Amino acid sequence: MTVTLEVAEGVGTLRLDRPPMNALDIATQDRLKELAEEATRRDDVRAVVIYGGERVFAAGADIKEMQEMDYAAMVQRSRALQDAFTAVARIPKPVVAAVTGYALGGGCELALCADYRIAADNAKLGQPEILLGLIPGAGGTQRLPRLVGPSKAKDLIFTGRQVKADEALAIGLVDRVVPAAEVYEQAHAWAARLAQGPAIALRAAKESVDTGLEADIDTGLAVERNWFAGLFATEDRERGMRSFVEEGPGKAKFL
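This one's a predicted model, so the numbers in the text were calculated from it and none came from an experiment.

A. Structural detail: the overall build of the protein chain. Looking only at helices and strands, the protein chain has 11 helices and 9 strands in total. Here the C-alpha atoms of the protein chain give a radius of gyration of 19 Å, agreeing with the 18 Å that 2.2 N^0.38 yields for 255 residues. Once the C-alpha set of the protein chain is aligned to its principal axes, its extents read approximately 65 × 40 × 35 Å. Out of the 255 residues belonging to the protein chain, those deemed buried represent 44%. Partitioning the contacts of the protein chain with sequence separation of at least 6, the portion at a separation of at least 24 is 70%.

Encoded structure:
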């Protein structure tokens, strides 16, 4: 399998495994979508880590496979390509990307689908599609400017240049830089902590933020308002407030 889902202690690890560079060919894209949807459905998955292994996250699309495709073939394929990445972005649970080595092209676009990105100090990220006479096609022109702003996104997309971990941190492309040997451990710890949290409230928070970014503020406030009120019907809300009153803040257990 080119992608696997391993679950332990509430954390599902979506592991890319297509040596040597985790090139995202069609089979890998389809498998990624399948497992992202499985992670969405499974109650024992409460948070997700996306990981490519110790050496590389994903160096992009399979260019040899793509070279054989003409316009008509890509018209047929492009929606499925985007749908695979959107399935990851829409996992209604906290998702962290553990970025080692190269995260280029589709690899960078996959990292953009996470809620949080932890990168190795030797990581390199970028959208080099322009160097092939193309543009990003798996969400890069949309998710990247929403994350780092339009001018920084255009710089990366127009030039195709790679950014090292320190610059990626400075522009907001990643959220934390750690020694390469600690990337997965720290990403798993981030996910494991949230896996202990109130699942429905975390889902509500993620949907409210993501929907609000795509809508006007009144629509976003309506989504927030509905989720906020709805959470008063949950056992987690009752447990959290009771714990706060009886024990003080931060001591509630939600599992």
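Back to the write-up after that little detour.
B. Layout of a nonpolar patch on the surface. A cluster of nonpolar side chains, contributed by Ile63, Leu132 and Leu134, occupies part of the molecular surface with about 260 Å² of accessible area. When you line up the elements, Leu134 lands in the loop between strand E7 (124–126) and helix H5 (140–148).

C. Representation of the sheet that holds strand E6 (residues 116–120). Taken together, 6 strands build an open sheet; the order of strands is E1-E2-E3-E4-E6-E9 and the sheet is mixed. With one partner strand each, in any of the chains shown, strand E1 (3–8) and strand E9 (176–178) form the two edges of the open sheet. Here the average twist between neighbouring strands, direction ignored, is 20°. Relative to strand E2 (residues 11–16), E1 is paired through 6 bridges, and the arrangement is antiparallel. Residue Thr4 lies in a different strand from E2, and its bridge partner there is Arg15. Lying over the sheet, helix H1 (residues 26–41) contacts E1, E2 and strand E3 (47–51), oriented at roughly 20° with respect to E1.

D. Representation of the side chain of Arg31 in the model. Along the chain, Arg31 turns up in helix H1. Under the relative-accessibility criterion, Arg31 is labelled buried at 17%. Those residues in contact with Arg31 that sit more than four places away from it in its chain are Met1, Thr2 and Val3.

Reading the values: rules and limits
- Residues numbered from 1 in each chain as written.
- Predicted model: local features only at pLDDT ≥ 70, side-chain atom pairs only at ≥ 80, totals over all residues.
- Heavy atoms only, no water.
- Helix = DSSP H or I, 4+ residues; strand = E, 2+ residues; numbered from the N terminus.
- Rg over C-alpha atoms; globule rule 2.2 N^0.38 Å.
- Buried < 20%, exposed > 50% of the residue type's maximum accessible area, 1.4 Å probe, protein only.
- Contact = heavy atoms within 4.5 Å.
- Patch = residues over 30% accessible without salt bridge, like charges linked within 9 Å, V, L, I, M, F, W, Y side chains within 5 Å.
- Areas by Shrake-Rupley, 256 points an atom, 1.4 Å probe, with all protein chains shown as cover.
- Salt bridge = Lys/Arg side-chain N within 4 Å of Asp/Glu carboxyl O.
- Pairing = 2+ DSSP bridges.
- Axes fitted to C-alpha atoms, helices over the stretch in contact; angles between N-to-C directions.

By themselves, these are just geometric observations and shouldn't be taken as functional.
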